[in-house]
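Geometric and topological summary
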Amino acid sequence: MIKKVRSRLFAKIFIITMLLTSFCCMITYAVISWIVPKTYSTTLDEGLDEAANTLISEIENMAPSESGKLFDEFILNNSDVLLQLFDSSDNEIELPSQSGSMFPVIVTGGVATESDDPAAYRATHRYIFNFADSDEIYTLTVAGSAQEVNLLKDTLAGIFLILFLVILLVAALASFLYSQYVTKPVLRISSASKKMANLDFNWKCEENRTDELGILAHSLNKMSRRLSASMTDLKNANEKLKADIEHERELEQAQLDFFSAVSHELKTPITVIKGQTEGMLLNVGDYQNRNKYLKRSLEIINTMESMVQEILTIARMKSFKIMPAKEKFCFSDMLKQEYVLFEDLIVQKGLNWIENITSDIYMTGDKMLMQKAVNNLASNAVSYSPENSSIYLTALAEEGKIRLEIENTGVHIPDADLPKLFDAFYRVDHSRNKKTGGSGLGLYIVKTILEQHQAQYCIENTERGVLFTVQLVT
């Protein structure tokens, strides 16, 4: 129980406030019980002293026989007061009265008091005077009754238990309300700080107070917003960093795959050339016909040279230090030159070349690289089209963009091979026969050039053949 109380702010404040309130109330009651009777007694004594002084001032101007009326009226008006009269010899004498004719008469048989208990009377006042017709000095003692003061004390003592219960009830209620008022904002702030510690910022402290707790709530809300924004920025930066790292890994892996493919592509022709050269040097079998195998070796070397040139082209484009040139050129005129470049092969295969090119289409980019990309696309279309088929070359300008389409008919590509066509050294002909296809770098180079120009591209099968679509920004 004690441990639970120590861990709860509300319980601690409630108990401390109730104890302090109860203690203050009890101290206040004790002070009142002590001061009120004394104050009341003093007030009574002051009133009695004033009345006695008035009496003395009046009887000093008359004879004892005439003062009896004043003494009788004083005793009648102050029934709870004890009056005693002494002569100069300190003998108590009877008070003058209308009913008595003799004065002075000495009191015999002891001192006349209304009570044997000295505490029954308050402080005694003494007044010295003489009557008008006598030089005798008399002393009048006046003592007020303590009954009213004692009654007041008894009343205060009698209500102690009820007052104590009322004090406890009021202290408990006041402590509860005060504890609620003090701890409620503190508990809200404590709950908010716990959520903040758990990186939960979906909360807001009330700021309807203008004191230090209100300032603290405002500061927590401000800190929460800044931490939330910082965490969001950090999360975004972390995700971006992860994406960059993943991209770098992909690039690194792509480079490793590329160089692995390059070494594989170059290994075979080098091995063939090496074998042919050794055979010719040793004059083994058919290799004695050097002209025949030198011609074959030259063909292989030419193929390797072409491949190396393509590899160097890719390496230059991949280099971060070399950016594509930016120049404005006529895209339409560049496309119209394609037929001239492949005219011999087109005529040889009996292909039907159909152009639909909008005039005066201009774009900004690297003209040499775009020429290379278009040449590779046209070369693939011509090379893989069967004899007497058709090739459609279309270029249209639409809403700030250029749409280029190259479609060759009479042939289709297996759907499973379409996503892989842009990979380096990938060929649909898995036998990798040089007579039926190139090095496998043509479309990879096209992809690299188009991506550097932020172009969108795709290749798909149509009803009449294979369609390559490019969308360029002018």
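Keep in mind the model is a prediction, meaning the values are calculated, not measured.

Strand order across the open sheet formed by five strands is β6-β8-β9-β11-β10, with mixed pairing between neighbours. Because the sheet does not close on itself, it has two edges, and the strands there are β6 (352-357) and β10 (456-461). Going from strand to strand, the sheet's axes swing by 10 degrees on average, the running direction of each strand aside. Two elements, strand β8 (residues 390-398) and strand β9 (residues 401-409), share eight bridges in a ladder whose sense is antiparallel. Its bridge partner being in β9, Y392 is matched across the sheet by E407. Strands β6, β8, β9 and β11 (465-473) of the sheet are contacted by helix α11 (residues 367-384), whose axis makes an angle of about 20 degrees with β9.

Another point: the packing of aromatic side chains. One pass over the structure, following the stated rule, counts six aromatic pairs. Aromatic pair F129 and F131: ring centres 5.4 Å apart, planes at 80 degrees, arrangement edge-to-face. Here F131 falls in the buried class, since its relative accessible area comes to 1%. A ring pair is formed by F131 and Y138, whose centres lie 5.4 Å apart and whose planes are at 70 degrees; its orientation type is edge-to-face.

What follows deals with helix α3 (residues 64-77). In an α-helix, one full turn covers 3.6 residues, which means residues spaced three or four apart are oriented alike. In this model, α3 (14 residues) spans 20 Å end to end at C-alpha, consistent with the 20 Å of a helix rising 1.5 Å per residue. Within the sequence span of α3, burial applies to P64, S67, G68, L70, F71 and F74.

Rules used throughout
Residues numbered from 1 in each chain as written. Predicted model: local features only at pLDDT ≥ 70, side-chain atom pairs only at ≥ 80, totals over all residues. Heavy atoms only, no water. Pairing = 2+ DSSP bridges. Helix = DSSP H or I, 4+ residues; strand = E, 2+ residues; numbered from the N terminus. Axes fitted to C-alpha atoms, helices over the stretch in contact; angles between N-to-C directions. Contact = heavy atoms within 4.5 Å. Phe/Tyr/Trp six-rings, centres within 6.5 Å; stacked < 30°, edge-to-face > 60°. Buried < 20%, exposed > 50% of the residue type's maximum accessible area, 1.4 Å probe, protein only. Expected span 1.5 Å × (residues − 1).

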